[in-house]
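What follows is the residue order along each chain.
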Amino acid sequence: GEDVEQSLFLSVREGDSSVINCTYTDSSSTYLYWYKQEPGAGLQLLTYIFSNMDMKQDQRLTVLLNKKDKHLSLRIADTQTGDSAIYFCAETGRGTYKYIFGTGTRLKVLA
Amino acid sequence: DTAVSQTPKYLVTQMGNDKSIKCEQNLGHDTMYWYKQDSKKFLKIMFSYNNKELIINETVPNRFSPKSPDKAHLNLHINSLELGDSAVYFCASSRGVNEQFFGPGTRLTVL
């Protein structure tokens, strides 16, 4: 079945860039998403990318997609303490409602 | 103004009891979902309804029964609660297969 993997932890210093990585197995993935979950809260959609794109930039966020390697990354520029959270990638295929979520990466930003 | 709301936020109950969690969305979406997030933060889809019709039904014990009285509501009833049911349950909604918006979660603790 489909699988989405992420490293579990990432620690960076305030002001540095963070790069959160995600690999997936479903070659028919059409949409890939990044969600942020703060402690005790629900998931907040940050950004998404279509599978026919290589890159998408949205203010401090840059998403890179390597479809050949089935690798997705989220770069957060000038990381702030408020960025500390769990980040989930998710993929879905064309015309399907089912999201497959990654294992989540816990980002800790050190002051 | 909350887009996707869930009640209750916390639910503590004894093993063997029956309980319900309610979800409402005011986004005008036609599709709603229930997810379970375990203690390791793994997030898995349980059910999905599109226009009140069940479209996703993952391998979930039949003690769990979703009910969608209308497009804006999706409730989850759980019979004979077990210790392993302890988790955070998230409701989400979408317009068709577009991006999903999540509720704040219901933390269920079974004693």
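Look up: the structure comes first, before these words.
Criteria and thresholds
- Residues numbered from 1 in each chain as written.
- Chains lettered and ligands numbered in written order.
- Predicted model: local features only at pLDDT ≥ 70, side-chain atom pairs only at ≥ 80, totals over all residues.
- Heavy atoms only, no water.
- Contact = heavy atoms within 4.5 Å.
- Buried area = accessible area lost by both parts, 1.4 Å probe.
- Salt bridge = Lys/Arg side-chain N within 4 Å of Asp/Glu carboxyl O.
- Polar contact = N/O pair within 3.5 Å; in protein donor to acceptor, adjacent residues only side chain to side chain.
- Helix = DSSP H or I, 4+ residues; strand = E, 2+ residues; numbered from the N terminus.
- Nonpolar A, V, L, I, M, F, W, Y, C, P; charged D, E, K, R; others polar.
- Core = buried A, V, L, I, M, F, W, Y, C linked by side-chain atoms within 4.5 Å.
- Buried < 20%, exposed > 50% of the residue type's maximum accessible area, 1.4 Å probe, protein only.
- Pairing = 2+ DSSP bridges.
- Axes fitted to C-alpha atoms, helices over the stretch in contact; angles between N-to-C directions.

Draft legend 1. Focus on the interface of chain B and chain A. Across the boundary between the two partners, chain B contributes 22 residues, which contact 19 residues of chain A. Among the residues chain B hides against chain A, the three largest losses belong to B:L43, B:V97 and B:E99. Together they make up 30% of the total. For the pair chain B and chain A, the number of links is one salt bridge. Here A:K98 ties to B:E58 by a salt bridge, and the two come within 3.2 Å at their closest N and O atoms. The interface formed by chain B and chain A includes seven residue pairs in polar contact (both at pLDDT 80 or more). Elements with a minimum of two residues in the side of chain B that touches chain A: β4 (31-37), β5 (43-50) and β6 (53-57) of chain B. The element contributing the most residues to the side of chain B that touches chain A is β4(B), with four residues. For the side of chain B that touches chain A, the residue count by class is 11 nonpolar, seven polar and four charged.

Draft legend 2. Structural detail: the nonpolar core. In terms of nonpolar packing, the biggest core is built from 20 residues, with A:W34, A:L72, A:L74, A:I76 and A:Y87 touching the most fellow members. Going through the elements one at a time, β3 (18-24), β4 (29-37), β7 (61-66), β8 (71-76), β9 (85-93) and β11 (105-110) of chain A are the ones with two or more residues in this core. Beyond its immediate stretch of four places on either side in the chain, A:L74 contacts A:S18, A:V19, A:I20, A:W34, A:L46, A:T47, A:L61, A:T62, A:V63 and A:Y87. Counting 19 residues, the second largest nonpolar core, distinct from the first, contains B:I21, B:M46, B:I78 and B:A87.

Draft legend 3. Geometry of the sheet that holds β7(A). All names here are of chain A. Read across the open sheet, the five strands follow the order β1-β3-β8-β7-β6; overall the sheet is antiparallel. Strand pairing shows two members of the sheet lacking a second neighbour, β1 (4-6) and β6 (55-58), which therefore form its edges. Ignoring strand direction, the axes of neighbouring strands in this sheet form an average angle of 15 degrees. Alignment of β7 against β8, held across six bridges, turns out to be antiparallel. The residue of β8 that forms the bridge with L64 is S73.

These values are about where atoms sit, not about what they do.
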